[in-house]
Amino acid sequence: MSKPRERIISTAMVLFHQQGYNSTGINQIIEEADVSKASFYQHFKSKDDLCIEFFNKRFDYWVSELENFTSGAQNTEEKFMKSFDFLIHMNEKEDFRGCSFLNIMSEIPGEKLEIHTIIRNHKATLRDAFNKDLKNEILSAHIYLLFESSILTSQLYRSNELIEKSKLIVKELLQSSLKSSH
């Protein structure tokens, strides 16, 4: 059996992602992780601290999966097409659960600054990666917004239709950007 801290984190990874933050209680985590309340508080001083750990682990997992998914791309356009295909893959794998960060953000009051800062920092990292790949701030912002809205709308409609349409838009944006830079 794994160590208590690892069991707490792996339990929270599943519950926070599937149920959300507010619907997941510490007692449920303690019970499903098979740890004592004292053990929980020895590793995490609060549910918020566990949520921050969840976000960091979820981000590392998600980025690693995205990088693996896009690693065979021959060029920037193909990398972005594969990035949107990755969203389809994750929807199928996770039953259209959407973005854990945005799901939880909608549950957390604004005064929980540390959690909101973590969410913003992780989203900014993704935006920066898009900008680094494209070296065009307006174009990368446009594609980033399509990417994020694809996650939200596919969750809302439980469909990949708008991801497929976003891919067509992105392809057109990238091709016209390449034409205008030559």
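Small disclaimer: the values here were computed from a predicted structure and weren't measured. (Residues numbered from 1 in each chain as written. Predicted model: local features only at pLDDT ≥ 70, side-chain atom pairs only at ≥ 80, totals over all residues. Heavy atoms only, no water.)

Trainee: It is not clear to me how the overall build of the protein should be interpreted in this structure. Could you clarify?
Mentor: When helices and strands are counted, the protein shows 9 helices and 0 strands. Going from N to C terminus, the protein has its helices and strands arranged as α-α-α-α-α-α-α-α-α. If you line up the protein on its principal axes, its C-alpha atoms span 65 × 30 × 30 Å. The burial tally for the protein puts 43% of its 182 residues in the buried class. Of the contacts made within the protein by residues no fewer than 6 positions apart, 67% connect residues no fewer than 24 positions apart. If you sum the accessible surface of the protein, you get close to 10,200 Å²; carbon and sulfur atoms cover 53% of it. On the protein, the mean spot of the 23 positive side-chain charges and the mean spot of the 26 negative ones are 2 Å from each other. (Helix = DSSP H or I, 4+ residues; strand = E, 2+ residues; numbered from the N terminus. Buried < 20%, exposed > 50% of the residue type's maximum accessible area, 1.4 Å probe, protein only. Contact = heavy atoms within 4.5 Å. Areas by Shrake-Rupley, 256 points an atom, 1.4 Å probe, with all protein chains shown as cover. Lys, Arg positive; Asp, Glu negative; His and termini not counted. Charge placed at Lys NZ, Arg CZ, Asp CG, Glu CD.)

Trainee: Got a minute to help me understand the state of the cysteines in this structure?
Mentor: Should the sulfur atoms of two cysteines be covalently bonded, the bond is a disulfide. Under the definition given, this model contains 0 disulfides. Cysteine Cys 99 is unpaired, with the sulfur of Cys 51 as its nearest cysteine sulfur at 12 Å. (Disulfide = S-S within 2.5 Å.)

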